[in-house]
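# Observations on the three-dimensional arrangement
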Amino acid sequence: MYLTKEEEKMLNGEMGYAKQIAMEILVALGKIYNAEKMIPVKSTQISGVSYKNLGEAGLEWLEEIARDGRVEVLSTLNPAGVDLEDWGKMGVDEEFVSTQKKIVETYVKMGVQPTLTCTPYYVGNKPQLGDNVAWSESSAIIYVNSVIGARTNREGGPSALASALTGRTPYYGLHVTENRAPSIEVHVPELRDEYDYALLGYFIGKMCRGKIPLFKGVKSVDNVELKALGAALASSGDLAIFHIEGLTPEYTLKPIEKMERIEVEERDLREARDELNDDSPVDLVFIGCPHASLEEIIMFMEKLNGRQVRKETWICTSRSIKNLCVELGVKKKLEELGVKILADTCPVIAPIEQVGVRSIATNSAKGAWYSRNLNKLKVKIARMDELVEEAVKEY
Ligand code: F3S
């Protein structure tokens, strides 16, 4: 693998310990994937923040890197295990919170912005078409590749941090134009809202593992729907990119081979819904996976229409959107109705076992998928209208 003089220096430790470790990680990755060289990146999004996932060993490793590690490019942080300000509302123990704060401080010491959101593109980390970036967090990766047309592979937390510290990533996979071309045509029925897109993503993810779908028959799609579709594809199928004919920036890329074709029917979406429903009483109603935009929060409030919730109800979002909700009086109104607006976190990566939640209802296929497979919760996927009714229902 070709390395520039500066990259060689990093690898030899002439530019410090952290850069050496980071370059070792990137060179190892490059060798595995036969990358011919490193390329510069414009930004990184780093996962591996929640103490629940990172653990003591992860924190120790980070502290070691942070001794002399400083980021070279705009770098933002994935959510943590708690809302760093309103953690008292979550029912999580103080010991967890103090270690969680230490983890975030360690990233901040390295120059990473503590955005603590899986939607960095809403809060200032929004690359341009064709930019190379190194992002971890599967829902953000697929969004940035598909909707923005910037280029990243599916990085893990350590490799994204390594790119942050060196400003480089190995040139392979989705950084190469021909690897981004669609490989399967997916004809879709009429889709109403983000819930339908989540079901579509869940269904197609399972069918198209290792492929790149080109969706056909979509007349218009909004940002919330794109977010839901991508998050679901990335969960059930580990996909990192999709295209929509006429709507996403790279849908005209020429397929390498003749494309396969799938026709999605209404009953496929119903099947996906049934698979993500355990038919169990709901402890927690949750929206904001990926983190909610202001418009989703307002939509939930309007559907609630002044009614008090009777169940634990969380809306998860980024700190900056939560602050906007404070300014607009939305947070106060929702809190008066019993809804908790939480920033920096979500129920999938929070220590949900401490909160006493055994079942969750959400409009997100990703939220349902990980709550079931990672946290062993019972799940229910439902439209936002139905979630509102679930939240106000008497026990
Ligand atoms: Fe974000 Fe948590 Fe969903 S990190 S994408 S809200 S699982």
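Now for a quick tour of the structure. It should be emphasised that the depicted structure is a prediction, and the values quoted were computed from it without experimental measurement.

### Digging into the packing of aromatic side chains
What describes a pair of aromatic rings is the distance from one ring centre to the other and the angle between the planes of the rings. Counted under the stated rule, the structure contains six aromatic pairs. Their ring planes at 10° and their centres at 3.7 Å tell us that Y121 and Y143 sit as a pair that is stacked. Linking Y121 in the loop between α4 (94–109) and β4 (134–135) with Y143 in helix α5 (residues 138–148), this pair joins segments that are 22 residues apart in sequence. Classification of Y121 by relative accessible area gives buried; the value is 6%.

### Some thoughts on the sheet that holds β4
Read across the open sheet, the three strands follow the order β3-β2-β4; overall the sheet is parallel. Single-partner strands in this sheet number two, and they are β3 (74–77) and β4. Bridge count between strand β2 (residues 43–46) and β3: four bridges; the pairing is parallel. In the strand pairing of β3, Q45 is matched with T76.

### Some remarks on the site of the ligand
Every residue near the ligand is listed here: P79, C118, E137, S139, G288, C289, P290, C346, V348 and K366. Cavity membership is defined here by more than half of the atoms lying within 2 Å of grid points; on that basis the ligand lies in the largest pocket. Sorting elements by how many residues they give to the shell around the ligand places strand β10 (residues 284–292) first, with three residues. A breakdown of the residues in the shell around the ligand according to their chemical character gives six nonpolar, two polar and two charged. Both domains that furnish three or more residues to the shell around the ligand are identified here as domain 1 (5–177) and domain 3 (276–392).

### Looking at the layout of surface pockets
Put simply, the largest pocket is a space of about 550 Å³. With four residues, β10 is the single largest residue contributor to the lining of the largest pocket. By residue class, the composition of the lining of the largest pocket is twelve nonpolar, twelve polar and four charged. Of the domains in this structure, domain 1 (5–177) and domain 3 (276–392) are the two that each give at least three residues to the lining of the largest pocket. Approximately 420 Å³ is the volume found for the second largest pocket. Around the second largest pocket, the lining comprises 20 residues; the ones closest to its centre are N153, R154, L174, D238 and A240. Partitioning the lining of the second largest pocket into residue classes produces nine nonpolar, six polar and five charged.

Conventions we followed
- Residues numbered from 1 in each chain as written.
- Predicted model: local features only at pLDDT ≥ 70, side-chain atom pairs only at ≥ 80, totals over all residues.
- Heavy atoms only, no water.
- Phe/Tyr/Trp six-rings, centres within 6.5 Å; stacked < 30°, edge-to-face > 60°.
- Helix = DSSP H or I, 4+ residues; strand = E, 2+ residues; numbered from the N terminus.
- Buried < 20%, exposed > 50% of the residue type's maximum accessible area, 1.4 Å probe, protein only.
- Pairing = 2+ DSSP bridges.
- Near = heavy atom within 4 Å.
- 1 Å grid on protein atoms, 1.4 Å probe; cavity = no way out; pocket = protein on both sides within 12 Å on 5 of 7 lines; lining within 4 Å.
- Sits in = over half its atoms within 2 Å of the grid points.
- Nonpolar A, V, L, I, M, F, W, Y, C, P; charged D, E, K, R; others polar.
- Domains from an automatic or database assignment.
- Points joined across faces, edges and corners; volume = space filled by probe spheres on them.

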